[in-house]
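Now for the letters of each chain:
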Amino acid sequence: MARKLKAGIVGGTGMVGQRFIELLNGHPWFEVTKIAASGRSAGKTYEESVKGRWKLVTPMPDAVKNIVVLDAAKVEEVAAQVDFIFCAVDMTKAEIQALEEAYARTGTPVISNNSAHRWTPDVPMVIPEINPQHIEVIEAQRKRLGTSTGFIAVKPNCSIQSYVPALHALLDFKPTQVVASTYQAISGAGKNFTDWPEMLDNVIPYIGGEEEKSEQEPLRIWGSLNHGEIVKASSPIITTQCIRVPVTDGHLATVFASFENKPAKDEILARWLNFKGRPQELELPSAPKQFITYFEEDNRPQTKLDREIERGMGVSVGRLREDSIYDYKFVGLSHNTLRGAAGGAVLIAELLKAEGYIQAK
């Protein structure tokens, strides 16, 4: 059996970095061998660097406790010791862009959880079940960066995964207008209730930048590859409101949609039930067997009950019914730190390995 690929986590001390640690513990293809963070954490063991700041319910894996944290800014040093990296840093957009490109230029694949490169024309932004073909743009990106093996691939915003998969399964019917309101967990801000007691018994009707991302990123995912760039789609027209609610994990969306060719309800349910993508075809380790699960009950999906479906990598849908203004309305749910963040990035890395883009150095 071939050795596992050596994965580095850049930004490994934050909440998403901790999720990467959790998900890669015992992974059949990847092994965390290096962790990098800011200079404040460099030189400490991982256990020391996150002491009092471990945010997950599951305990820290023993395998990473004694890994000495490296300085993420020392790109050559980190890159020389890994086959690829996951990046989840807390920096400005310009700083993240520069850091990720620096890693890619060393010949190191970068799987990014950050938003900085989501609109870089030759960087694929991928939901593996929906637009795996976009990874072909990596060839053009490598030419720009001057590397034969390095590149950057990013995952999209966590909020859109609660409704874009359900709409994607219906693209043949040509959706024209979509209204979505998302009710987003506090972990999307990297916090829990200990960090953010103001969220208890409270709803905040604003999340900075989130509505713009939720309206535009689906169009890039549905875009086309043209002359070494991803060109975003022009439809459907999407408008959103994004609201922070007092739950730990799980983003829920209420969705209204109209179609050029209105499907029957049975057709919609059949599309959701039978939808499979490239991860299911390849049987990738993190891929949900059932990508979209529909609940017949009027009161499902519920965040607390259903966010962990398919190990947090599935999408739940319910309450499909005709609407008096739009054609249909429904409710969607996804786990924001699993499917929406670290888990989604791990699935991208699995796809890229399976398709030959990530290899041992």
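What you see is a predicted model, and the numbers here were worked out from it, not measured in a lab. (Residues numbered from 1 in each chain as written. Predicted model: local features only at pLDDT ≥ 70, side-chain atom pairs only at ≥ 80, totals over all residues. Heavy atoms only, no water.)

A. Quick look at the overall build of the chain. The number of helices and strands found in the chain is 12 helices and 14 strands. Its C-alpha atoms give the chain a radius of gyration of 20 Å, within 12% of the compact-globule value 21 Å for 361 residues. In terms of overall dimensions, the chain has C-alpha extents of about 60 × 50 × 40 Å along its principal axes. Within the chain, the proportion of its 361 residues that are buried is 56%. Across the chain, every contact between residues at least 6 apart in sequence was considered, and the portion connecting residues at least 24 apart equals 77%. Carbon and sulfur atoms provide 49% of the accessible area of the chain, an area that totals close to 15300 Å². For the chain, the separation between the mean place of its 41 positive charges and that of its 44 negative charges on side chains is 4 Å. (Helix = DSSP H or I, 4+ residues; strand = E, 2+ residues; numbered from the N terminus. Rg over C-alpha atoms; globule rule 2.2 N^0.38 Å. Buried < 20%, exposed > 50% of the residue type's maximum accessible area, 1.4 Å probe, protein only. Contact = heavy atoms within 4.5 Å. Areas by Shrake-Rupley, 256 points an atom, 1.4 Å probe, with all protein chains shown as cover. Lys, Arg positive; Asp, Glu negative; His and termini not counted. Charge placed at Lys NZ, Arg CZ, Asp CG, Glu CD.)

B. Spatial organisation of the sheet that holds strand β12 (residues 292-295). One open sheet holds the 6 strands; their spatial order is β10-β7-β11-β14-β13-β12, and the pairing between them is mixed. Two strands bound the open sheet, and with one partner strand each, they are β10 (237-244) and β12. With strand direction ignored, the average angle separating the axes of adjacent strands in the sheet is 20 degrees. One ladder, built from 7 bridges, connects strand β11 (residues 251-259) with strand β14 (residues 328-334); its direction is antiparallel. Opposite alanine 253, over in β14, you have glycine 332 as the bridge partner. Relative to the sheet, helix α8 (residues 210-221) contacts β7 (175-184) and β10, its axis offset from that of β10 by approximately 140 degrees. Contacting β12, β13 (315-322) and β14, helix α9 (residues 265-274) crosses the sheet at an angle of about 175 degrees to β13. (Pairing = 2+ DSSP bridges. Axes fitted to C-alpha atoms, helices over the stretch in contact; angles between N-to-C directions.)

C. View of the environment of tyrosine 163. When you line up the elements, tyrosine 163 lands in the loop between β6 (151-154) and α7 (164-168). Taking the relative accessible area as the measure of exposure, tyrosine 163 reaches 0% and is therefore buried. For the pair tyrosine 163 and alanine 180, spaced 17 residues apart in sequence, the C-alpha to C-alpha distance is 8.0 Å. The contacts of tyrosine 163, once residues within four sequence positions are left out, are Ala180, Thr182, Ser214, Pro218, Thr240, Ala253 and Val255.

D. Helix α5 (residues 93-105), seen in detail. Taking 1.5 Å as the rise per residue, α5 with 13 residues should run 18 Å; its terminal C-alpha atoms sit 18 Å apart, in good agreement. Those residues of α5 that fall on the buried side of the exposure criterion are Ile96, Leu99, Glu100, Glu101, Tyr103 and Ala104. On its buried face, α5 is in contact with β1 (5-10), α4 (75-79), β4 (84-87), β5 (109-112), α6 (138-145) and β6. Positive phi appears at glycine 107, one or two residues downstream of α5, with a value of about 90 degrees. (Expected span 1.5 Å × (residues − 1).)

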